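Chain by chain, the residues:
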Amino acid sequence: MTTTSHDYDLIVLGGGSGGLAAAFRAAQHGKRVAMLEPDELGGTCVNVGCVPKKAMWLAADLAGRIGLARTMGFDVPLRPVLSWKELIVHRQGYIENIHVSYRKRLDETGVVRVPRRGRLLDAHTVECSDGVRISGEHIVLATGAHPQRPDIPGADLGLVSDDFFNLCDAPAQVAIVGGGYIAVELAGLLQALGSRVTLLVRGGRLLDRFDGELAAQLADNLCHQGVRIQFDYRLRELQRDSEGDRVRVLGHDGPLDSVFDTVFFAIGRRGNSQDMGLEQVGVQIGERGEVVVDEWQTTSVPSVYALGDLAGKEGLTPVAIATARHLMDRLFGGKPQAKMDFNNIPSVVFSHPPLGKVGLGEEEARLQFDDVRVYHSNFRPMLQALADGTQRSMFKLVCVGPDERVVGVHLLGEAADEILQGFAVAVKMGATKAQFDATVAIHPTSAEEIVLM
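**Q** Sorry, what's going on with the layout of surface pockets here?
**A** Using a probe with the size of a water molecule, rolled over the atoms, empty space left in the structure can be pinpointed. Volume-wise, the second largest pocket comes out at about 1400 Å³. Lining the second largest pocket are 44 residues, and of these Ala60, Ala63, Gly64, Arg65 and Gly67 lie nearest its centre. Mapped by element, the contributors of at least two residues to the lining of the second largest pocket are helix 3 (50-71), helix 4 (84-109), helix 5 (181-192), helix 6 (212-225) and helix 10 (382-386). Along the lines of polarity and charge, the residues of the lining of the second largest pocket split into 22 nonpolar, 14 polar and eight charged.

**Q** Looking at this structure, I do not really get the sheet that holds strand 11 (residues 228-230). What am I missing?
**A** Sheets are built from strands paired through backbone hydrogen bonds, the pairs being either parallel or antiparallel. Strand order in the open sheet formed by five strands is 8-15-9-10-11, with parallel pairing between adjacent strands. Only two strands of the sheet have a single neighbouring strand rather than two, namely strand 8 (159-160) and strand 11. Of the pairings in the sheet, the one linking strand 9 (residues 173-177) to strand 10 (residues 196-200) comprises five bridges and is parallel in character. Within strand 10, the residue paired with Val177 across the bridge is Leu200. Contacts from helix 5 reach strand 9, strand 10 and strand 15 (262-265), with the element oriented near 165° to strand 10.

**Q** What is the right way to read the nonpolar core from this model?
**A** Within soluble globular proteins, side chains that are nonpolar tend to cluster in buried spots. Counting 39 residues, the largest nonpolar core has Phe164, Ile176, Leu190, Leu199 and Leu206 as the members making the most contacts within it. Residue assignment for this core shows that the elements contributing at least two residues are helix 3, helix 4, strand 9, helix 5, strand 10 and helix 6. Counting residues per element, this core draws most heavily on helix 5, at seven residues. Ignoring any residue separated from it by four or fewer positions in sequence, one finds Leu206 in contact with Gly179, Val184, Leu199, Val201, Ala215, Ala219, Leu222, Ile229 and Phe231. The next biggest cluster of nonpolar side chains, apart from the first, holds 28 residues, and it includes Ala27, Leu41, Leu106 and Tyr305.

**Q** What's the story with a nonpolar patch on the surface in this structure? I'm lost.
**A** The grouping of Met72, Phe74, Met382 and Leu386 at the surface amounts to a nonpolar patch, some 450 Å² of accessible area in total. Among the secondary structure elements, Leu386 is positioned in helix 10. We classify Leu386 as exposed; its relative accessible area is 54%.

**Q** Sorry if this is basic, but what is going on with helix 6 here?
**A** The periodicity of an α-helix, 3.6 residues per turn, causes residues three or four positions apart to be oriented the same way. For helix 6, which comprises 14 residues, the first-to-last C-alpha distance of 20 Å matches the rise-based estimate of 20 Å (1.5 Å per residue) to within 8%. When we look at burial in helix 6, the residues that qualify are Leu214, Ala215, Gln217, Leu218, Ala219, Asn221 and Leu222. Where helix 6 begins, the side chain of Asp211 points an oxygen toward the backbone nitrogen of Glu213, at a separation of 3.0 Å. Looking one or two places after helix 6, you find Gly226, whose phi comes out positive at around 110°.

So, how was this worked out
Residues numbered from 1 in each chain as written. Predicted model: local features only at pLDDT ≥ 70, side-chain atom pairs only at ≥ 80, totals over all residues. Heavy atoms only, no water. 1 Å grid on protein atoms, 1.4 Å probe; cavity = no way out; pocket = protein on both sides within 12 Å on 5 of 7 lines; lining within 4 Å. Points joined across faces, edges and corners; volume = space filled by probe spheres on them. Helix = DSSP H or I, 4+ residues; strand = E, 2+ residues; numbered from the N terminus. Nonpolar A, V, L, I, M, F, W, Y, C, P; charged D, E, K, R; others polar. Pairing = 2+ DSSP bridges. Contact = heavy atoms within 4.5 Å. Axes fitted to C-alpha atoms, helices over the stretch in contact; angles between N-to-C directions. Core = buried A, V, L, I, M, F, W, Y, C linked by side-chain atoms within 4.5 Å. Buried < 20%, exposed > 50% of the residue type's maximum accessible area, 1.4 Å probe, protein only. Patch = residues over 30% accessible without salt bridge, like charges linked within 9 Å, V, L, I, M, F, W, Y side chains within 5 Å. Areas by Shrake-Rupley, 256 points an atom, 1.4 Å probe, with all protein chains shown as cover. Salt bridge = Lys/Arg side-chain N within 4 Å of Asp/Glu carboxyl O. Expected span 1.5 Å × (residues − 1). Polar contact = N/O pair within 3.5 Å; in protein donor to acceptor, adjacent residues only side chain to side chain.

By themselves, these figures tell us nothing about what the structure is for.
Right under this line is the structure:
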């Protein structure tokens, strides 16, 4: 083992997905590692993000399927009742199992967990919130991000996405401010689980980072589910209703002046870079609180690195994990060229139904290539057709060049999240439309549409 004058080879600030991945991989390389995390292990993803969100999404999906079952002849109550408290018990039990697994692995790998916040004193020294100072040859910043509130009167009357997981029942009337993936996910969840949801979207469409045609179809699906969507809405302020327990929403243009039981803000996230001493030691901070890094995850201070949501690139858990492992392999694993490839990263919005993408959208492809061809399939999946449902799926391929290399796969529909993973491999490998066409379809499935367009 290489020894230095520092207490540790690596100090990690943050015990979320990226921080844990960095600590585990460095320990695997035989390095001395300390990880500072004052809260529960797992960060946003495990505690107030991916994991509890997917648990609630699964419950909402079951609610939809129960309704379809009744339509198809099953003797199901018209309005089956969900016990949120029981659902939360299952959800939190699952999360606690993850916490136990992390704690066990930290012990097994010899990573020292310090349950404190950390602040940089210089390029190699961290001061813990209890005053103890430790030094490290390398420091990784992985403290994540937090949801923002708008700068408007009455903003404190609204909740943020983290607060969703404190609910013990579905509020009757809910307004969600935002049109991104968190807003869309919350809207679908709450509507399916008993709320009456209104989406207040500042722009003219949902999901700016996803394909416009699929986003429009998703908006139509949400409307059929009962979600009210108000586009081009500019929120002015929130007020406490005269009765004291509800919130009035006021817009600049006045089309909506309504009272809700709960208002959620889902307008973006900001990096957790405050009060960490970063500016004082020369670490550059961006406009949204993100730590500025180069392609190697290195900050403006050579011994300090940042990754995950804090680095402000792709706010996805698997990206944070992969980035951390590449960084540790470069620093400690004898792979000097190891770095994260941010191209063709698949991502999914857990809407109802889910919407996913990998690669370029049609507009992006047309900006980069002269020869672009697009293939579509818009259909009702079999279960919806059997139950005379209104939900539609839309699949789209974006191809470029004379060989029609597939540079984008975009899926809206049942099981899109599961289908996309395999096709992401094909896009990463540079597959062509002809190779898709030559693949025998699995029938009857929604996935077959991708190879039959």
